[in-house]
Protein chains: 2
Amino acid sequence: MDIATFVDRSLGEWSSQRSAHHLAFAHFEEVRSTINIEALTVDAPGVLELCQRYEVAPETIVSPFKMSWEGESDWDEDQTIEGSTILVPVPESATTGKLLREQGYAETMESAGSYCLTEDGTFILTTAYERAAAEEKIWFATPNLRFRVSLIKTSSGKGVTTASFSSEVRRISIS
Amino acid sequence: MDIATFVDRSLGEWSSQRSAHHLAFAHFEEVRSTINIEALTVDAPGVLELCQRYEVAPETIVSPFKMSWEGESDWDEDQTIEGSTILVPVPESATTGKLLREQGYAETMESAGSYCLTEDGTFILTTAYERAAAEEKIWFATPNLRFRVSLIKTSSGKGVTTASFSSEVRRISIS
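About the criteria used
- Residues numbered from 1 in each chain as written.
- Chains lettered and ligands numbered in written order.
- Predicted model: local features only at pLDDT ≥ 70, side-chain atom pairs only at ≥ 80, totals over all residues.
- Heavy atoms only, no water.
- Buried < 20%, exposed > 50% of the residue type's maximum accessible area, 1.4 Å probe, protein only.
- Helix = DSSP H or I, 4+ residues; strand = E, 2+ residues; numbered from the N terminus.
- Arc of directions from axis to C-beta.
- Contact = heavy atoms within 4.5 Å.
- Buried area = accessible area lost by both parts, 1.4 Å probe.
- Salt bridge = Lys/Arg side-chain N within 4 Å of Asp/Glu carboxyl O.
- Polar contact = N/O pair within 3.5 Å; in protein donor to acceptor, adjacent residues only side chain to side chain.
- Pairing = 2+ DSSP bridges.
- Axes fitted to C-alpha atoms, helices over the stretch in contact; angles between N-to-C directions.
- pLDDT = per-residue confidence, 0-100.
- Patch = residues over 30% accessible without salt bridge, like charges linked within 9 Å, V, L, I, M, F, W, Y side chains within 5 Å.
- Areas by Shrake-Rupley, 256 points an atom, 1.4 Å probe, with all protein chains shown as cover.
- Lys, Arg positive; Asp, Glu negative; His and termini not counted.
- Charge placed at Lys NZ, Arg CZ, Asp CG, Glu CD.

Visitor: So, helix 1 (residues 3-10) of chain A: which residues are in play, and what are the values?
Guide: All names here are of chain A. Looking only at helix 1, the buried set comprises I3, F6, V7 and S10. Angular distribution of buried residues about the axis of helix 1 spans 95 degrees; they occupy a single face of the element. Of the residues trailing helix 1, G12 is marked for its positive phi of about 130 degrees.

As structure tokens, then:
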């Protein structure tokens, strides 16, 4: 599978159940959210800005998309978690590349991670931040069900502070 | 990685946080448990019985082990979940084989699943039951932290009814 196929299979609206395990305290957090993934054109405003900021030629990018989410955590039920961000894949080979991510208006930082797609169709993204590193694995169980395991690591990459697991079920439009 | 190495790395006592996602109802379940994994000898009583029942020559098995667990679910906090079972790997190649499992005294059925070990060190076990199928992926993030994703599928293998994720942290003996 290449990145264009992976993004294509991801487009749509998803109902997500996410469990986070805060390992040091053996604490659980539960989040329910709706995730929307939409294709963008290469010349969409946010896409071109990201290309410029990372000095990437727009003709080298593939399948830019926008991801937005809205949900609730059991840690703070009064507060709605919401945000959106633009993501831009920059392939380096058929199965590897960079993924640029816009700074969303929620908690996310701007970042450029490295992705690879394994033989069994798992998308693996690793992103280094100043004080931490993140690893994300996403794979499809069926066309309408995908899973995501996200690890927040110490910046050395050796320890894991939080592990979370999401089940994402496609919302089928019945109209 | 071969199965003997995988079992060897798994031996010990683990603190487990497990989140189950019951997908049809978007329901969460949280389980905290302690898991103990101990090596057994090839001629241990339960091991030889399993070999006989599945007509497997004892000289073809590798690294039999016993797994026991004790925990609590937030679905029924008054009840302790506990059980133990014997597991017997029967390699068919360096990275594939069968895994025989004794009927534990808790909920588990006797079964023979098929395993494979992927290049990145993930152990994948698939087991077909009469009315369902199970798929389990286990991998190590560090020598003292392993993750497990378990799917309960419909017997056709197409639908997933429950997805669960465990973070297992090794309990370090300080004595």
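Visitor: Now, about the interface of chain B and chain A: what can you tell me, with residues and values included?
Guide: Interfaces are often sized by the accessible area lost when the parts come together. Contacts between chain B and chain A engage 29 residues on the former and 29 residues on the latter. Note on chain B versus chain A: buried area summed over both sides is about 2400 Å², and carbon and sulfur give 63% of it. Three residues stand out in chain B for area buried against chain A, namely Q17, F28 and F165 of chain B, and they jointly supply 27% of the buried area on that side. At the junction of chain B and chain A, the tally comes to zero salt bridges. Our count for the chain B to chain A interface comes out at eleven residue pairs in polar contact (both at pLDDT 80 or more).

Visitor: Now, about the sheet that holds strand 3 (residues 65-73) of chain B: what can you tell me, with residues and values included?
Guide: Residue and element names in this part refer to chain B. Overall, antiparallel pairing links the ten strands, which are arranged 1-2-3-4-5-6-7-8-9-10 in a closed barrel. When strand polarity is set aside, the average angle formed by the axes of neighbouring strands in this sheet is 25 degrees. With nine bridges connecting them, strand 2 (residues 27-39) and strand 3 associate as antiparallel partners. Within strand 3, the residue paired with R32 across the bridge is E72. Against the sheet, helix 1 (residues 3-10) touches strand 1 (12-22), strand 2, strand 3, strand 4 (76-91), strand 6 (111-117), strand 7 (123-128), strand 8 (132-142), strand 9 (145-154) and strand 10 (160-170), its axis set at about 70 degrees to strand 8. Together, strand 4 and strand 5 (96-101) form the strand contacts of helix 2 (residues 45-53), whose direction differs from that of strand 4 by roughly 65 degrees.

Visitor: Account for the pairing of strand 6 of chain B, naming residues and giving values.
Guide: Residue and element names in this part refer to chain B. Alternating residues of strand 6 divide into S111, G113, Y115 and L117, all buried, and A112, S114 and C116, none buried. Bridging between strand 6 and strand 7 involves four bridges; their strand directions are antiparallel. Residue pairing across strands places L117 opposite F123, the latter belonging to strand 7. Two successive antiparallel strands, strand 6 and strand 7, enclose a turn made up of five residues, where G121 displays a positive phi of approximately 85 degrees.

Visitor: Explain the confidence of the model for chain A to me, using residue names and the numbers behind them.
Guide: Looking at chain A, pLDDT values average 91 and 95% of them are 70 or higher. Scoring the predicted complex yields pTM 0.91 and, for the interface, ipTM 0.88.

Visitor: Which residues make up a negative patch on the surface, and what values go with them?
Guide: Residues and elements named next belong to chain A. On the surface, a cluster of negative charge is made up of E70, E72, D74, D76, E77, D78 and E82. Those elements that place two or more of their residues in the negative patch are strand 3 (65-73) and strand 4 (76-91). Broken down by element, the residue count for the negative patch peaks at four residues, all from strand 4. With respect to the helices and strands, the residue E82 is situated in strand 4.

Visitor: Can you explain the side chain of S167 of chain B? Please cite residues and give values.
Guide: With respect to the secondary-structure elements, S167 of chain B resides in strand 10. For S167 of chain B, a relative accessible area of 1% corresponds to the buried category. Polar side-chain contacts of S167 of chain B include one of 2.7 Å to the side chain of H21 of chain A. Look past the residues within four positions of S167 of chain B in its chain and what remains in contact with it is H21, L23 and A163 of chain A together with S15, S16, Q17, R146 and F147 of chain B.

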